[in-house]
Amino acid sequence: MNRSLKADIKKKDTKKVSWPLPEGRGRTVPSRGSPGSFWEDRQDRRHCGIDLYANPGAKVVSIEDAVVLEVGTFTSPEIIPYWNETFYVVVENESGTFAKFAELSAVEVKPGDRLSAGQTVGRVGSVLNPEKINDEAPEYIKKLKMAGDSSMLHFELYESRPEFSKRYLGGNWFGSEKPRGLLDPTRRLVALSKAVSY
């Protein structure tokens, strides 16, 4: 078999993937237990995803070929006064997993859209309004305010479509048992951080 044919076969067998923040501040994935990491203990709640920091308005893209299932409001000052309005997108990935891209300032897709790896889903938002954060806010929120880190992509990964629960709020889970189907996205994101995006 000639080299050209081998290269073509290899290309067909290789699924296209993309780091979700091509305009981000690098490709750093928080380590276990650090702020913004998966299942971070936030005293009365657990963090359901991973926070990847980026400038407001930075492009958020699909990590692989996917279909958009759902779009909605993620945070709002009507729910918690120190929140800005942000949005989320849930997609079913070609690999069979489900991804939630959240804390977006704008969404550029709608349910039913078919996405290619690297295609824009939305834009990074600023989830917190620092002027509204007071001493009654949770400790992790006060730390984010002090660090000046309120613009990020909140990324979650599931083995089944995420379900509504009153125990879930703004990317956090109020309980010790994980939501049904929730996966730790750390290894997936670390692998994507090292991959060549298409």
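Predicted, not measured: the structure shown is a model, and the values here were computed from it.

Rules used throughout
- Residues numbered from 1 in each chain as written.
- Predicted model: local features only at pLDDT ≥ 70, side-chain atom pairs only at ≥ 80, totals over all residues.
- Heavy atoms only, no water.
- 1 Å grid on protein atoms, 1.4 Å probe; cavity = no way out; pocket = protein on both sides within 12 Å on 5 of 7 lines; lining within 4 Å.
- Points joined across faces, edges and corners; volume = space filled by probe spheres on them.
- Helix = DSSP H or I, 4+ residues; strand = E, 2+ residues; numbered from the N terminus.
- Nonpolar A, V, L, I, M, F, W, Y, C, P; charged D, E, K, R; others polar.
- Core = buried A, V, L, I, M, F, W, Y, C linked by side-chain atoms within 4.5 Å.
- Buried < 20%, exposed > 50% of the residue type's maximum accessible area, 1.4 Å probe, protein only.

*Asks:* Hey, could you run me through the layout of surface pockets in this one?
*Replies:* Gaps left between atoms show up when a probe the size of a water molecule is rolled over them. By volume, the largest pocket is sized at about 450 Å³. Around the largest pocket sit 18 residues that line it, and K100, E163, F164, S165 and Y168 are the ones nearest its centre. When contributions to the lining of the largest pocket are tallied by element, the ones reaching two or more residues are strand 4 (66-75), strand 5 (86-93) and strand 10 (168-169). When residues of the lining of the largest pocket are assigned to their parent elements, the largest contribution, three residues, is made by strand 4. Here the residues of the lining of the largest pocket sort into 11 nonpolar, three polar and four charged. Estimates place the volume of the second largest pocket at around 300 Å³. Surrounding the second largest pocket, 14 residues form its lining, P35, E40, E139, Y140 and K143 being those nearest its centre. Broken down by secondary-structure element, the contributors of at least two residues to the lining of the second largest pocket are strand 2 (50-53) and helix 2 (139-147).

*Asks:* Any chance you could explain the nonpolar core here in plain terms?
*Replies:* Side chains of a nonpolar character, in soluble globular proteins, are inclined to be buried together. Core analysis: the biggest nonpolar cluster contains 38 residues, and L21, V91, F101, L153, F155 and L189 have the highest contact counts within it. Of all the secondary structure elements, the ones that give two or more residues to this core are strand 2, strand 4, strand 5, strand 6 (98-107), strand 8 (120-126), strand 9 (151-158) and helix 3 (186-194).

*Asks:* Got a minute to help me understand empty space enclosed by the protein in this structure?
*Replies:* Applying the stated criterion across every chain yields a total of two cavities of 30 Å³ or more. What the largest cavity holds in volume is close to 120 Å³. R42, E103, Y140, I141 and G170 are the residues nearest the centre of the largest cavity, which is lined by 15 residues in total. Those elements that place two or more of their residues in the lining of the largest cavity are helix 2 and strand 9. The biggest single contributor to the lining of the largest cavity is helix 2, with three residues. The class makeup of the residues in the lining of the largest cavity is seven nonpolar, five polar and three charged. Size it by volume and the second largest cavity reaches roughly 30 Å³. Lining the second largest cavity are P30, S31, R32, S37, F38, D184 and T186.

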